[in-house]
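These are the residues of each chain, in order.
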There are 6 protein chains.
Amino acid sequence: MRNDGRSNDELRFVRMEKDYIKHAEGSVLVTVGDTKVICTASIEDRVPHFMRNQGKGWITAEYSMLPRATEQRTVREASRGKVTGRTMEIQRLIGRALRSVVDLPKMGERTLWIDCDVIQADGGTRTASITGAFVAMVLAFVGLIEAKTIKKMPVKDFLAATSVGIDNSEGPILDLNYAEDANANVDMNIVMTGSGEFVELQGTGEEATFSYAELQSLLKLGSKGVGELIELQKEVLGEWAKLINEAEDEK
Amino acid sequence: MRNDGRSNDELRFVRMEKDYIKHAEGSVLVTVGDTKVICTASIEDRVPHFMRNQGKGWITAEYSMLPRATEQRTVREASRGKVTGRTMEIQRLIGRALRSVVDLPKMGERTLWIDCDVIQADGGTRTASITGAFVAMVLAFVGLIEAKTIKKMPVKDFLAATSVGIDNSEGPILDLNYAEDANANVDMNIVMTGSGEFVELQGTGEEATFSYAELQSLLKLGSKGVGELIELQKEVLGEWAKLINEAEDEK
Amino acid sequence: MRNDGRSNDELRFVRMEKDYIKHAEGSVLVTVGDTKVICTASIEDRVPHFMRNQGKGWITAEYSMLPRATEQRTVREASRGKVTGRTMEIQRLIGRALRSVVDLPKMGERTLWIDCDVIQADGGTRTASITGAFVAMVLAFVGLIEAKTIKKMPVKDFLAATSVGIDNSEGPILDLNYAEDANANVDMNIVMTGSGEFVELQGTGEEATFSYAELQSLLKLGSKGVGELIELQKEVLGEWAKLINEAEDEK
Amino acid sequence: MRNDGRSNDELRFVRMEKDYIKHAEGSVLVTVGDTKVICTASIEDRVPHFMRNQGKGWITAEYSMLPRATEQRTVREASRGKVTGRTMEIQRLIGRALRSVVDLPKMGERTLWIDCDVIQADGGTRTASITGAFVAMVLAFVGLIEAKTIKKMPVKDFLAATSVGIDNSEGPILDLNYAEDANANVDMNIVMTGSGEFVELQGTGEEATFSYAELQSLLKLGSKGVGELIELQKEVLGEWAKLINEAEDEK
Amino acid sequence: MRNDGRSNDELRFVRMEKDYIKHAEGSVLVTVGDTKVICTASIEDRVPHFMRNQGKGWITAEYSMLPRATEQRTVREASRGKVTGRTMEIQRLIGRALRSVVDLPKMGERTLWIDCDVIQADGGTRTASITGAFVAMVLAFVGLIEAKTIKKMPVKDFLAATSVGIDNSEGPILDLNYAEDANANVDMNIVMTGSGEFVELQGTGEEATFSYAELQSLLKLGSKGVGELIELQKEVLGEWAKLINEAEDEK
Amino acid sequence: MRNDGRSNDELRFVRMEKDYIKHAEGSVLVTVGDTKVICTASIEDRVPHFMRNQGKGWITAEYSMLPRATEQRTVREASRGKVTGRTMEIQRLIGRALRSVVDLPKMGERTLWIDCDVIQADGGTRTASITGAFVAMVLAFVGLIEAKTIKKMPVKDFLAATSVGIDNSEGPILDLNYAEDANANVDMNIVMTGSGEFVELQGTGEEATFSYAELQSLLKLGSKGVGELIELQKEVLGEWAKLINEAEDEK
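Residue positions are given per chain, counting from 1 as you read along its sequence in written order. Starting at A for chains and at 1 for ligands, labels are handed out in the order in which the entities are written. Only residues with pLDDT of 70 or above have their local features reported here, since the model is predicted, and side-chain atom pairs are shown and tallied only from 80 upward, although totals for entire chains, interfaces and linings are computed over all residues. Calculation of side-chain values draws on the structure's entire complement of heavy atoms; hydrogens and water are dropped beforehand.

- As named in an unreviewed UniProt entry, chain A is Ribonuclease PH, taken from Fictibacillus enclensis.
- UniProt positions are given in the numbering used here, feature names are shortened, and annotations may be inferred rather than shown by experiment. Word for word, the UniProt comment on chain A under Subunit (unreviewed entry) is "Homohexameric ring arranged as a trimer of dimers."
- Per UniProt, chain A has the following entry under Catalytic activity (unreviewed entry): "tRNA(n+1) + phosphate = tRNA(n) + a ribonucleoside 5'-diphosphate".

1. Quick notes on the relation of the copies chain B and chain A
In step 1: Here the copies are superposed with least squares, the fitted atoms being C-alpha atoms of residues at a pLDDT of at least 70 in both. Mapping chain B onto chain A leaves a residual RMSD of 0.0 Å; the transformation is a rotation of 180 degrees accompanied by 0.0 Å of translation along its axis. The superposition operator between the copies reduces to a two-fold rotation axis. When C-alpha distances to the rotation axis are compared across chain B, the minimum falls at B:A78, with a value of 1.9 Å.

2. A closer look at the packing of aromatic side chains
To describe a pair of aromatic rings, you give the distance between the ring centres and the angle between the ring planes.
In step 1: Pairing of aromatic rings covers Phe, Tyr and Trp, the last through its six-membered ring, and needs centres within 6.5 Å; plane angles under 30 degrees mean stacked, over 60 mean edge-to-face, and all others mean tilted. The tally for this structure, following the rule as stated, stands at 18 aromatic pairs over all chains.
In step 2: Of note, B:K234 hangs over the ring of B:F158, and the distance from its end group to the ring centre comes to 5.1 Å. Counted as over-ring charges are cases with an Arg CZ or a Lys NZ within 6 Å of the ring centre that also lie within 35 degrees of the ring normal.

3. Observations regarding the UniProt feature "domain: Exoribonuclease phosphorolytic" (unreviewed entry) in chain A
All names here are of chain A.
In step 1: Within this structure's numbering, the places UniProt gives as "domain: Exoribonuclease phosphorolytic" (unreviewed entry) are residues 10–140 and 158–224.
In step 2: Numbering of helices and strands runs from the N terminus, with a helix taken as a DSSP run of H or I at least four residues long and a strand as a DSSP run of E at least two residues long. Measuring from the first to the last C-alpha atom of residues 10–140 gives 31 Å, for a span that is 30% helix and 31% strand.
In step 3: In this annotation, residues 158–224 is assigned 28% helix and 43% strand; the end-to-end C-alpha distance for the span is 14 Å.

4. Observations concerning the UniProt feature "binding site: phosphate" (unreviewed entry) in chain A
In step 1: The sites that carry the UniProt feature "binding site: phosphate" (unreviewed entry) are, in the present numbering, A:R86, A:G124, A:T125 and A:R126. In terms of the greatest pairwise C-alpha distance, the residues named above, spread along 41 residues, form a tight cluster of at most 13.4 Å across.
In step 2: Tracing the sequence through the fold places A:R86 in helix α2 (residues 85–99).
In step 3: With a relative accessible area of 29%, A:R86 lands in the partly exposed category.
In step 4: What makes two residues a contact is simply this: any of their non-hydrogen atoms within 4.5 Å. Sequence-distant contacts of A:R86, that is, excluding residues within four places in its chain, are made with A:Y63, A:M65, A:T125, A:R126 and D:R92.
In step 5: Looking at the secondary structure, you find A:T125 in helix α4 (residues 125–146).
In step 6: Residue contacts for A:T125: discarding those within four places in its chain leaves A:T35, A:V37, A:Y63, A:R86 and A:V118. Residue burial is assigned from relative accessible area. The probe radius is 1.4 Å, only protein chains are included, and a residue is buried under 20% of its type maximum, exposed over 50%, and partly exposed in between.

5. Details of the sheet that holds strand β9 (residues 198–205) of chain C
In step 1: Reading across from one edge, β7(B)-β6(B)-β8(B)-β9(B)-β9(C)-β8(C)-β6(C)-β7(C) is the order of the eight strands in this open sheet, with antiparallel pairing throughout. Two strands lie at the open edges of the sheet, namely β7 (171–174) of chain B together with β7 (171–174) of chain C, each paired on one side alone. Ignoring strand direction, the axes of neighbouring strands in this sheet form an average angle of 15 degrees.
In step 2: Only strands that DSSP links by at least two bridges are regarded as paired with each other. Bridge count between strand β6 (residues 159–167) of chain C and strand β8 (residues 186–193) of chain C: eight bridges; the pairing is antiparallel. Looking across to β8(C), one finds that C:L159 is bridged to C:T193. For every element, the axis is a line fit to its C-alpha atoms; helices are fit only across the contacting stretch, and the angle between N-to-C directions ranges from 0 to 180 degrees.

6. Topic: the interface of chain A and chain D
In step 1: In this complex, chain A contributes 34 residues to the contact, which on the side of chain D involves 34 residues.
In step 2: Summed over both partners, the accessible area (1.4 Å probe) lost when two parts come together is defined as the buried area. Carbon and sulfur atoms make up 51% of the area that chain A and chain D hide from each other, which totals about 3,000 Å².
In step 3: By the criterion of area lost to chain D, the three top residues of chain A are A:E89, A:F198 and A:E207, representing 19% of everything that side buries.
In step 4: Put simply, A:R92 and D:E89 hold a salt bridge, and the shortest N to O gap is 2.6 Å.
In step 5: The term polar contact refers here to a pair of N or O atoms within 3.5 Å; inside protein, the definition further demands a hydrogen-donor-capable atom paired with an acceptor-capable atom, and it admits residues adjacent in sequence only when both atoms are side-chain atoms. At the boundary of chain A and chain D, one finds 15 residue pairs in polar contact (both at pLDDT 80 or more).
In step 6: Taken together, the elements giving at least two residues each to the side of chain A that touches chain D come down to α2, β8 (186–193), β9 (198–205) and α6 (212–237) of chain A.
In step 7: Broken down by element, the residue count for the side of chain A that touches chain D peaks at eight residues, all from β9(A).
In step 8: Classification convention: Asp, Glu, Lys, Arg as charged; Ala, Val, Leu, Ile, Met, Phe, Trp, Tyr, Cys, Pro as nonpolar; all other residues, Gly among them, as polar. Grouping the constituent residues of the side of chain A that touches chain D by class yields 13 nonpolar, eleven polar and ten charged.
In step 9: Pairing between β9(A) and strand β9 (residues 198–205) of chain D: five bridges, direction antiparallel. The residue of β9(D) that forms the bridge with A:Q202 is D:Q202. When a carboxyl oxygen of Asp or Glu lies within 4 Å of a side-chain nitrogen of Lys or Arg, that pair is called a salt bridge.

7. Focus: the sheet that holds strand β6 (residues 159–167) of chain F
In step 1: The antiparallel open sheet is built from eight strands, whose spatial order is β7(E)-β6(E)-β8(E)-β9(E)-β9(F)-β8(F)-β6(F)-β7(F). A strand with exactly one partner marks an edge of an open sheet, and here the two such strands are β7 (171–174) of chain E together with β7 (171–174) of chain F. Going from strand to strand, the sheet's axes swing by 15 degrees on average, the running direction of each strand aside.
In step 2: Contacts from helix α4 (residues 125–146) of chain E reach β6 (159–167), β8 (186–193) and β9 (198–205) of chain E, with the element oriented near 165 degrees to β6(E).
In step 3: Its contacts with the sheet put helix α6 (residues 212–237) of chain F on β9 of chain E together with β6, β7, β8 (186–193) and β9 (198–205) of chain F, and the angle it makes with β6(F) is roughly 145 degrees.

Written out as structure tokens, the structure is:
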């Protein structure tokens with residue numbers, strides 16, 4: 001039995017509370033078990049220097065944890081004067097993942113800033129961030145459509161992420177909490193689209209390895225989990241979810 | 001009339017939600033109008049180098065805003081690699097204010113880390129931080145008492161803070177929201193104790209000055225506001241509030 | 001008796017030596033007891049980015065101490081690669097104080113850089129900096145008037161600063177030296193104008209509090225001290241002091 | 001046809017020149033096509049703080065590119081004062097990969113520092129770094145064995161890495177050079193052991209996605225490539241390669 | 001006898017391998033004994049801000065050592081987040097030395113970036129860098145001439161550098177290796193031109209001094225060494241060496 | 001004629017005002033023409049990590065310029081968060097020069113911190129710093145002798161520095177002011193001892209070269225200048241100057 005009584009292919013309780021921050025163009029408080037992340041999407045009316053005059057937009061992400069999101073207080077990155085490697089890796093992952101389902105030219109020469117701030121951490125913060133940031137992003141684009149700044153939803157497909165891993169006693173399991181993650185031999189983050197394609201696959205055997213057969217089991221679990229998360233995103237987005245299906249049809 | 005319909009000596013709606021973050025020894029989500037701050041208190045079992053072997057504790061505070069706490073997205077301090085002057089000033093203020101009502105030797109050689117993270121800002125974030133941090137601090141000490149790590153509540157008196165200012169048309173007003181703050185000629189932060197003593201007084205005429213008579217009006221308003229905030233702190237703390245009164249009596 | 005024989009409402013010996021640095025548009029070596037600060041004012045023919053095209057000027061200040069200005073050698077901020085919170089707080093205070101008595105549009109789109117470098121410290125360095133920087137600023141503007149770059153003195157009123165505090169045995173005292181400052185329960189910096197208005201009031205009870213009655217005594221002492229400092233500024237400026245009175249009359 | 005005439009499942013020319021740097025405990029100049037990386041392994045007789053007194057060793061890696069390793073000169077990380085996110089990600093990957101095949105307790109309380117410095121870049125620098133660093137690491141351990149500092153080879157299995165990707169016209173291809181990498185929709189780095197297990201799998205669709213079927217083709221190509229690289233490592237190590245097989249047998 | 005059997009006025013074995021890095025406009029691997037430095041020259045089609053619109057070019061240099069170029073691994077400057085004083089001193093020296101023999105207006109408004117990366121160090125890395133960088137620079141200019149971007153070789157004279165020093169037992173010696181350098185009382189770097197003029201002279205008695213007579217011996221040895229290095233540069237450059245002589249004649 | 005009427009071998013007016021800063025163990029305000037530098041010497045009762053348990057002391061120097069020491073205001077190094085290459089070069093030079101005339105074991109395991117802060121600059125700030133720092137250092141050691149902390153003066157010889165250069169029209173000149181320095185083709189800093197030995201020689205032809213004959217003229221001028229500076233140091237030190245001669249005799 002898993003430490004919180006779930007079956008091996010079961011997600012934790014997930015909730016996405018939209019418009020959580022009043023100033024942001026799009027925002028979501030995403031809860032996955034005891035992991036809680038505030039995701040905001042901000043629109044800036046210009047692109048970074050290296051993207052100028054290409055007639056397309058850009059999406060970039062930043063990620064951080066409040067010092068006491070963790071069991072032990074973590075030193076603030078602002079205080080140590082630099083961002084850790086782990087944070088950079090996660091920021092790059094979130095940005096890349098979101099860009100993979102967006103038609104950048106349809107955004108116009110704008111930057112979408114995604115901020116994922118973990119206020120409470122219990123494993124899976126990077127995948128929860130992607131799942132929540134997707135919704136915040138769609139909400140920001142809905143705002144642009146309603147303001148008639150852009151004509152069509154630039155988002156081509158749904159996108160969500162979860163983690164899978166191999167537990168010593170349980171074998172392959174879905175959506176690891178912190179205690180499970182600390183114990184697992186293999187840890188894999190899977191980012192997939194609504195149409196079941198892969199966007200990112202990051203599997204790591206920390207001081208361990210994994211076989212081809214184990215990989216197949218992990219992929220199957222991940223695919224199931226992402227599918228369920230996307231159903232929740234559709235519920236949260238309601239009518240607006242259709243804008244994405246329309247964008248897809250057009251492809 | 002003020003922009004949100006309040007009378008000049010009226011606080012905004014205030015709420016303090018305790019135990020908001022599961023990992024922290026003490027935590028509060030403090031809401032003052034549209035300003036929301038997560039305050040956590042963390043206990044570390046040692047003091048900074050310059051305090052060692054003096055038989056007393058230390059209290060230090062850090063303050064930050066999520067990038068999208070503000071109307072316009074603010075660049076993350078971790079990204080720019082350094083903490084701004086404004087942040088440093090606020091951190092120093094919060095720490096100093098809390099230390100003024102704590103009997104440091106009673107804490108033992110421990111550090112209390114206060115983290116105030118503004119998740120939504122609408123003026124008065126530093127004073128809301130102090131008011132909320134006080135409660136988080138008391139909760140952390142209650143934990144130490146319950147664990148029999150320390151014997152008595154080291155907190156000697158209640159402490160809360162608010163802002164007052166002089167509005168061009170309204171004159172002296174209490175608890176400025178962001179729009180009021182941006183318009184005010186004079187802005188003053190007042191930190192006071194439960195027994196009505198001053199702890200900090202920071203009055204500033206940004207490109208303006210203020211008279212002795214105006215100062216007296218501001219002090220009166222501030223005193224009223226802090227009194228009401230302390231009543232709310234007592235409600236939130238319930239039975240534990242008495243531990244502070246007892247500590248006071250003993251003095 | 002105070003440790004240097006002064007009465008409780010007595011300033012230390014004060015001197016302001018003008019044109020101390022040959023390259024600067026305005027400069028003063030200000031001496032307050034054993035505290036010595038070189039204040040320079042530099043004119044730059046543009047304003048910072050956020051101020052452009054608003055038809056007004058800007059005043060900004062930097063403050064530093066030589067490593068051996070202090071009893072114990074202090075590590076250079078350039079060596080540690082960042083400015084301390086204390087320095088930032090002081091820099092912001094000096095800039096804000098000076099701006100409060102300047103008619104920024106009359107400066108034209110220029111920046112006035114104030115540099116206050118403490119070469120010897122014995123308490124009250126931030127208030128001595130403000131008092132000296134005011135004179136350096138006026139001298140720089142006199143230069144602009146003489147060069148017919150601007151027409152009128154943009155300075156509307158005199159400005160000086162001093163510290164007051166509550167000593168354990170002496171009670172309220174004026175212009176604390178370092179030893180007094182280290183002993184005082186309460187420390188307040190007061191910045192006032194020639195017409196007796198307040199510009200900044202920063203009162204702090206480090207691990208202590210102060211009553212309303214004590215506050216009134218401190219304000220009275222501070223007001224006396226600032227009045228005397230402004231008399232000295234007028235002497236140093238000689239004929240040029242009248243330019244400020246004229247600017248005031250015009251108001 | 002691929003831009004350099006290779007078939008889709010063909011590696012570039014690979015060479016590993018051992019003992020390239022006279023001071024290092026182990027060193028290799030690894031050449032993969034036009035990509036050239038100096039890999040050194042340095043032994044330090046202590047472990048980082050967080051690893052002390054656990055009776056095992058640690059392996060950490062640093063990666064950098066000379067400014068003119070690239071087509072356009074890249075700004076030096078030392079000059080910009082911080083390491084980029086890309087570099088951090090690669091450093092973490094190399095360290096993690098190497099640790100997965102090492103029996104850390106057998107190293108004793110030592111740190112193995114791996115430095116991978118790219119002197120010429122033409123795609124695949126991170127995978128070439130892993131392949132070369134593995135050999136440098138083994139050479140350093142051989143030195144410890146010959147000096148009788150440790151008894152047995154702590155390396156449990158061979159390890160090499162390559163990249164695979166999906167080209168618009170060619171479909172899945174092995175070992176992408178820079179031009180191919182810039183064109184590919186999907187890019188995957190595969191790190192595997194001598195016994196055919198996975199250690200790391202990092203697949204990314206930059207502004208694209210990939211299907212389950214495509215993933216299977218990529219895994220097959222990667223597995224073939226890594227197998228060939230490990231054969232080359234065995235040749236370079238000669239007799240010493242057997243020490244690893246022995247370590248394996250013992251498992 | 002010197003530790004490697006050389007006579008006191010004998011250089012170590014010197015080799016310059018040109019076009020070592022395929023991407024660079026000019027490149028050389030320079031070997032002086034066991035010291036090996038990759039020198040590249042990169043052309044950028046603009047000059048730094050402070051040089052704009054002056055109708056002339058600029059030459060700037062960066063220098064670094066791979067962490068394991070040294071006997072003991074050196075911490076990477078990128079990791080510590082700043083360049084050491086030693087590195088800055090060397091970078092400034094290399095740039096200044098090269099600029100002294102270049103007719104900057106003939107370069108046009110371009111920047112020549114010189115990168116000297118020491119891959120193995122055994123004393124004299126800064127002088128080897130200058131000697132090698134000179135050749136890389138000439139090769140880059142040859143490229144500009146061949147592309148008809150500039151008309152004439154902007155290099156007016158040859159330039160090379162070596163070190164001399166005073167050994168406790170041997171007296172004045174030429175081209176010190178690391179062990180000799182660590183033992184020498186006096187260490188002098190000499191940069192000279194093909195016509196025997198001095199460009200830089202940096203003599204230092206670390207915890208020692210040197211007499212006028214000793215200085216004369218050092219100058220003589222240095223002059224001999226530089227002369228031999230320039231002969232080697234001429235061999236390496238072959239026909240292109242004449243472009244420099246022609247530039248000289250024209251003067 | 002030189003721009004200030006001096007003959008080619010004439011120093012500017014030089015003054016050294018001792019005990020300028022009350023807190024420092026040794027201090028001097030050195031004036032050379034319009035160049036003014038505050039030099040302080042601070043004693044710390046331990047040595048840096050790399051010097052421990054060797055039974056000898058260490059001398060280290062820091063150098064800085066006030067922002068408005070220069071014609072145009074210079075950005076503060078603390079504000080830009082790093083020390084420039086020029087500053088590092090000068091700091092290293094001052095420390096090295098002073099160490100060359102000190103018998104480090106006689107200091108005991110102490111560090112002497114030299115701080116040279118330029119309050120007004122008109123050329124020759126690094127050489128004025130060395131000349132003044134020497135006196136501040138001697139004063140600090142006199143204090144240690146008088147306190148009977150050490151027995152003998154650890155300073156073995158006098159030390160002073162000046163600059164020489166080659167002016168286009170005047171030829172070789174001594175002690176260049178800023179305008180002369182900006183015009184000179186060749187600039188050389190010479191540090192010498194009381195017994196006429198060289199300690200440092202740093203000659204640079206910025207975009208120029210110099211001949212052997214010119215070098216000899218420069219050395220002669222520098223030798224004359226340093227001799228005169230040392231006479232002034234002896235006057236300033238008075239009786240204490242003899243402590244250095246005695247130290248010398250003993251050698």
